[in-house]
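Read off the chains here:
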Amino acid sequence: MQENTKKTIVITGASDGIGAAAARRLSSAGHDVVVVGRSPEKTRSVAESIGARHFVADYSDLSQVHALASDIAESTDRIDVLANNAGGIFGKGRWITTDGHEMTFQVNYLAQFYLTRLLIDRLISSNATVINTSSLVHRLFSRFSLEDLDAENRYDPRTAYGNAKLADLLHAQELSRRYGHLGLTSASFHPGVISSNFAQESVAGAGVDALYRGPAQKLLSGPDQGADTLVWLAEAAPWADFGSGGYFAKKKPASIARPAQDPLTAYKLWETSEQMIEGLPDLAS
Ligand SMILES: NC(=O)c1ccc[n+]([C@@H]2O[C@H](COP(=O)([O-])OP(=O)(O)OC[C@H]3O[C@@H](n4cnc5c(N)ncnc54)[C@H](OP(=O)(O)O)[C@@H]3O)[C@@H](O)[C@H]2O)c1
């Protein structure tokens, strides 16, 4: 690979499943991949198999997200791509993080919002692309309310997950609106219904459990196929190959739920998220 096409690509949730598959493919294509995971053993194992740097953070603790941002910023001057891919469905029951937020909301969305915000100067100076792993279920399960982001009312793990994945999509839209004029680009995508470690430890409820752990699981595609759109977006030329801020599936623009069609919702989610992380430390300059 020529030096001018080689990218530094940070992938969270890269210790398993779709993120690990993307890390392997992008590394073997010649890119400089930074592997981020939660489990130290799994993260090290993926990183060592491709000769990549690795960092660990548990997104249910935002102080670990801050430490992760510091580690990444210290380890590289450039970030061409930040793939916010860590996530999952949690439950049964409404679990609360050490920061006092509902678990699915924080791990899938708020932690990535904070990480991206901490790295924003580095991302802008690199003309980076931020890629958020969303999901088709943002259209099926969400009951999105800016007044109830922490899912205090009528908790259901599937709804919490659908809402969080809708927030991922809105985050990508708003990143483009706020920082597009400075050269930052963004996208969100649905990876497909993929057999991975996803939903293996949760009791998310009928439908999800049967699909991911029942006999139907054998019919699902594997993580390599789930990584297709992430790999495509990471290697693509923004604007030439995809519209910044867009939502994609199978490497093409895809339909989005009604609340995600209103720019004001994305704007308000950003403002509310800023309030939620108010008081948390910035990166030392
Ligand atoms: N599988 C699907 O059908 C599907 C469909 C739509 C969207 N997605 C999304 O695709 C992304 C990847 O999922 P996957 O299918 O590859 O699942 P996976 O095999 O379970 O991988 C999930 C990744 O997220 C990391 N993670 C989980 N909880 C975390 C936490 N508290 N803090 C930091 N990292 C955490 C895991 O780290 P450890 O392994 O180190 O714990 C792992 O690297 C997720 O955002 C998921 O919501 C999946």
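In what follows, the structure referred to is the one given above.
The rules behind each value
Residues numbered from 1 in each chain as written. Predicted model: local features only at pLDDT ≥ 70, side-chain atom pairs only at ≥ 80, totals over all residues. Pairing = 2+ DSSP bridges. Helix = DSSP H or I, 4+ residues; strand = E, 2+ residues; numbered from the N terminus. Contact = placed C-beta atoms within 7 Å. Axes fitted to C-alpha atoms, helices over the stretch in contact; angles between N-to-C directions. Expected span 1.5 Å × (residues − 1). Buried ≥ 20, exposed ≤ 12 C-beta atoms within 10 Å, placed from the backbone. Near = placed C-beta within 6 Å. Nonpolar A, V, L, I, M, F, W, Y, C, P; charged D, E, K, R; others polar.

The next point concerns the sheet that holds strand β7 (residues 246-249). The strand order across the open sheet formed by eight strands is β3-β2-β1-β4-β5-β6-β7-β8, and the pairing between neighbours is mixed. Edge strands, defined here as strands with exactly one partner in the open sheet, are β3 (53-56) and β8 (252-253). One ladder, built from four bridges, connects strand β1 (residues 8-11) with strand β2 (residues 32-37); its direction is parallel. When the sheet's bridge partners are listed, I11 is paired in β2 with V35. Across the sheet, helix α3 (residues 62-75) lies against β1, β2 and β3, angled at about 165 degrees from β3, the strand it touches most.

With that settled, the discussion passes to helix α7 (residues 157-179). For α7, built from 23 residues, the straight-helix expectation of 33 Å at 1.5 Å per residue is met to within 8% by its first-to-last C-alpha distance of 33 Å. Extensive coverage of α7 is indicated by the burial of 19 of its 23 residues.

Before going further, it helps to spend a moment on the site of the ligand. By nearness alone, 31 residues border the ligand, and G13, G17, Y59, G87 and N197 come closest of all. Elements that contribute at least two residues to the shell around the ligand include exactly α1 (17-28) and α2 (40-50). In terms of residue count, the dominant contributor to the shell around the ligand is α1 (three residues). For the shell around the ligand, the residue count by class is 11 nonpolar, 16 polar and four charged.

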